[in-house]
Amino acid sequence: MSILEKPIISDCGRFHIEADGSPLYTPRFDEVLAFHKVGKRWIAPVKLGAEAFHIDTDGLPIYGQRFYRCFGFYNDLAAVVGEDGWYHIDESGSALYSQRYEFSGNYQEKVCVVMDSDGLYFHLNVIGEPVYDSRWRYCGDFRDGVAVVQAGNGLSTHILPDGSLLHDIWFSDLDVFHKGYARAKTLQGWCHVDKQGNAIYSERYASVEPFYNGFARCETDDGALLIIDESGHVARQLREPTSDTFSELSAEMVGYWKTYTIYTSVKLGVFERLPASIEQLSLSCQCKSQRLKRLMRGLTELGLVYLKGNRYVVSNKGSYLCLSHEKTLVDASIEYGEDLLQRWKSLPELIQGKRQESDIFSVVATNPERVRSHHRMLASYALHDYSAALPLLPIEPGQRVLDAAGGTGTLATLLQDHFPDTRIFLGDLAPVIAQSSFPAKFVMDLFSEWPGVYDVIVLARVLHDWADTDAISILHNSKQALSPNGEIYLLEMLLSENESSGALCDLHLLSVTGGQERTLSELGVLACQAELQIKQVIELPSLVSLVILKGIENHA
Ligand SMILES: C[S@@+](CC[C@H](N)C(=O)[O-])C[C@H]1O[C@@H](n2cnc3c(N)ncnc32)[C@H](O)[C@@H]1O
């Protein structure tokens, strides 16, 4: 039987029908998938009992082999699952290659995605050979000669069919190109990028669709639906914002409700005593059971605990409020509920121009218990924010690396473990160093001459604690401690040049340390004052970016 039009699947999904609705053949299957054309004939995957195979338009198997699962023919090849794994077959049912995989995609543009037994993805050509040496955490199909790949750090970029990068810009999420532009998600939200990986407009959205004849539909964070053109101009508004701005503002004004609910429960030691019933908890925390019940309801609303039978249990999110968690936020909740909150109360005067007089680090340093708690807080943030960044740091074997003002050494330890062939040193104030177990540690003052000479000096969230004049002194002292061709690695949140994200963090620094978050150009100006220049900026999979500085005279 010769069929010109593609047969379709019957409503019951057990056979195919012709355009007029009549059955294409008499056999019946448990499941059929769509027909695909291979040469001049149509072929479809079917499943009958435990056996999967391909049929022609007479409903007859096209080969003798049987599989656990099989999929449609694309580029004349089909993915199948046999007893030893996933692979591809040709029209005769023969395996294209001897290798077996944990997953195989369909061939598109003569290339297909596979996943190996280590859970790593890459592309095969039509003779079943890898088309490049790289391995990815995930990769997608090629479309118009470009595919999306995701690296181990969670960031995605575009590659060409030979595996080379189309551009070296990495995003939180990414799509292939449609009509010249790809949807891309940055830390601030979704936008469209061109083939160089550059955003084609500055706005960021909650979601964007691909461009359709020059226009794309986007949703803003407040729920408005817009149509934008290829320069990012809003051509039409399809829907007003859906958010209730009165309620939103009101909720923002009472942000301290959450701060204080969490603070109170940590202060009373609630999380350390869970799971427990209200009766058990009120006894051990010495609280009135009716009042404690209200606090537990508040924690339930925040998703930090839940009731299982008559006992409250810590949720996954709430587990950060237990001291035993490696990234415990117990100390952070106390800091945010006490000293840091007090410091925020000076914000009106600080905005009017008053200087932040109290140096929080000296205050912390006077009390060993506060040093312990404050640095346990910093250690949790360091573990959270720096771990995934390590593979992206261009540190070379044999280099001497100083983590300056590195606290009790969380980043220094991560660095030493990740770069075992380097020598990592840790410097900080005496009371902090006294509580660190990092072996290569010494006392240093950011504002006096630094001991030693280093190929790399890491300043992780250090400059942001200081106003410009102090930050320049730190950079100056840092430069003096660099070997020839040495580099400074700033790990800092970068404020966008045009957007407001990060602005509340900046106010936090003004209130707490008298410092500030900065844009890249502001960091460049500071660097220049210390006879340094920006060599490279690497976006990391966290709130911080890596800004590499080198000496102005060092042109290498
Ligand atoms: C925001 S913390 C950053 C710690 C660590 N680099 C991190 O990213 O987790 C700032 C650090 O600077 C240290 N520090 C403050 N003033 C200092 C000074 N004058 N000399 C040396 N270290 C100082 C503090 O003790 C603290 O460890």
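On a predicted model such as this, the values are computed, not experimentally measured, just so you know. (Residues numbered from 1 in each chain as written. Predicted model: local features only at pLDDT ≥ 70, side-chain atom pairs only at ≥ 80, totals over all residues.)

Caption draft 1: Molecular detail of the overall build of the protein. Summing up its helical and strand segments, the protein has 14 helices and 34 strands in all. Counting only C-alpha atoms, the protein reaches 90 × 70 × 50 Å along its principal axes. For the protein, the proportion of its 556 residues judged to be buried stands at 33%. Intrachain contacts of the protein at a sequence separation of at least 6 include 44% that bridge at least 24 residues. (Helix = DSSP H or I, 4+ residues; strand = E, 2+ residues; numbered from the N terminus. Buried ≥ 20, exposed ≤ 12 C-beta atoms within 10 Å, placed from the backbone. Contact = placed C-beta atoms within 7 Å.)

Caption draft 2: Quick peek at the domain arrangement of the protein. Looking at the assigned domains, one finds that the protein contains domain 1 (1-100), domain 2 (246-325) and domain 3 (349-551). Using only C-alpha atoms to locate each centre, domain 2 and domain 3 end up separated by 34 Å. (Domains from an automatic or database assignment.)

Caption draft 3: Spotlight on the sheet that holds strand 28 (residues 441-443). Pairing is mixed across the open sheet formed by 7 strands, whose spatial order is 28-27-26-29-30-34-33. If you trace the sheet from one side to the other, it starts and ends with strand 28 and strand 33 (532-539), each paired once. Going across the sheet, the axis of each strand differs from the next one's by a mean of 25 degrees, ignoring polarity. As judged from the 6 bridges shared by strand 29 (residues 454-460) and strand 30 (residues 482-492), these two strands associate in the parallel manner. Across the sheet, the residue bridging to valine 456 is glutamate 487, located in strand 30. Packing of helix 14 (residues 520-529) onto the sheet brings it into contact with strand 30, strand 33 and strand 34 (545-551), and relative to strand 33 it is tilted by some 150 degrees. (Pairing = 2+ DSSP bridges. Axes fitted to C-alpha atoms, helices over the stretch in contact; angles between N-to-C directions.)

Caption draft 4: Quick peek at the site of the ligand. Looking at the ligand, there are 18 residues lining it, with Phe361, Ala405, Gly407, Leu446 and Ala460 nearest. Within the shell around the ligand, the residues separate by chemical class into 12 nonpolar, 2 polar and 4 charged. (Near = placed C-beta within 6 Å. Nonpolar A, V, L, I, M, F, W, Y, C, P; charged D, E, K, R; others polar.)

Caption draft 5: Focus on the nonpolar core. Counting residues in each nonpolar core, the largest one holds 66 residues, and the members touching the most others are Ala404, Ile457, Val458, Leu459 and Leu490. With 6 residues, the top contributor of residues to this core is strand 29. Of the domains in this structure, domain 2 (246-325) and domain 3 (349-551) are the two that each give at least three residues to this core. Dropping the residues within four chain positions of it, leucine 459 is found in contact with Ala404, Ala405, Ile474, Ser478, Ile488 and Leu490. Of all hydrophobic cores here, the second largest spans 44 residues; its members include Phe71, Ile89, Val208 and Ala216. (Core = buried A, V, L, I, M, F, W, Y, C linked by C-beta atoms within 7 Å.)

Caption draft 6: Local environment of the sheet that holds strand 23 (residues 276-277). Here 3 strands make up an open sheet; going across it, the order is 23-25-24 and the pairing antiparallel. The strands lining the two open edges of the sheet, one partner per strand, are strand 23 and strand 24 (305-308). In the sheet, strand 23 pairs with strand 25 (residues 311-314) via 2 bridges, with the strands oriented antiparallel. Across the sheet, the residue bridging to serine 277 is arginine 311, located in strand 25.

Caption draft 7: Structural context of the packing of helix 2 (residues 255-267) against helix 5 (residues 330-337). Their axes nearest at 9 Å, the elements helix 2 and helix 5 cross at an angle of 120 degrees. Comparing the axis directions of helix 2 and helix 5 gives the class oblique. Between helix 2 and helix 5 lies a crossing whose hand is left-handed. Between helix 2, through Thr259, Tyr260, Ile262, Tyr263 and Val266, and helix 5, the contact on the second element is made entirely by Val330, Ser333, Ile334, Tyr336 and Gly337. (Parallel < 35°, antiparallel > 145°, perpendicular 65-115°, else oblique. Left-handed = near helix turned anticlockwise from the far one by under 90°.)

Caption draft 8: Quick peek at the pairing of strand 7 (residues 69-74). Of the strand pairs in this sheet, strand 7 and strand 8 (residues 77-82) are connected by 4 bridges, and their pairing is antiparallel. Each residue of the ladder has a partner; that of arginine 69, found in strand 8, is valine 81. Here strand 7 folds back onto strand 8, and the loop between the two strands holds 2 residues, one of which, asparagine 75, carries a positive phi near 50 degrees.

Caption draft 9: Fine view of the pairing of strand 6 (residues 51-55). Here 5 bridges tie strand 5 (residues 41-48) to strand 6, and the two strands are oriented antiparallel to one another. Bridge pairing links leucine 48 to glutamate 51 in strand 6. The hairpin formed by strand 5 and strand 6 contains 2 residues between the paired strands, and glycine 49 there has a positive phi angle of roughly 60 degrees.

Caption draft 10: Region of interest: the environment of tyrosine 132. One can find tyrosine 132 in the loop between strand 12 (121-124) and strand 13 (138-139). Look at tyrosine 132 and you get partly exposed, because 14 C-beta atoms sit within 10 Å. A C-alpha to C-alpha distance of 5.4 Å links tyrosine 132 and glycine 163, two positions 31 residues apart in sequence. The residues contacting tyrosine 132, other than those within four sequence positions of it, are Asp162 and Gly163.

Caption draft 11: Examining the packing of helix 12 (residues 468-480) against helix 14 more closely. Closest axis-to-axis distance for the helix 12/helix 14 pair is 8 Å, and the angle between their directions is 55 degrees. Regarding the angle of helix 12 to helix 14, the classification is oblique. Pair helix 12 / helix 14 crosses with right-handed handedness. In contact with Asp468, Ala471, Ile472 and Leu475 of helix 12, helix 14 contributes Leu526, Ala527 and Gln529. A breakdown of the residues in the contact of helix 12 with helix 14 according to their chemical character gives 5 nonpolar, 1 polar and 1 charged.

Caption draft 12: Examining unusual backbone geometry more closely. The step from leucine 274 to proline 275 runs through a cis peptide bond, and the omega angle for that step is 0 degrees. Tracing the sequence through the fold places proline 275 in the loop between helix 2 and strand 23. The phi torsion at alanine 405 lies on the positive side, around 55 degrees, for a residue other than glycine. Structurally, the position occupied by alanine 405 is in the loop between strand 26 (400-404) and helix 10 (410-418). C-beta crowding within 10 Å serves as the criterion here: with 22 such atoms nearby, alanine 405 is assigned to the buried category.

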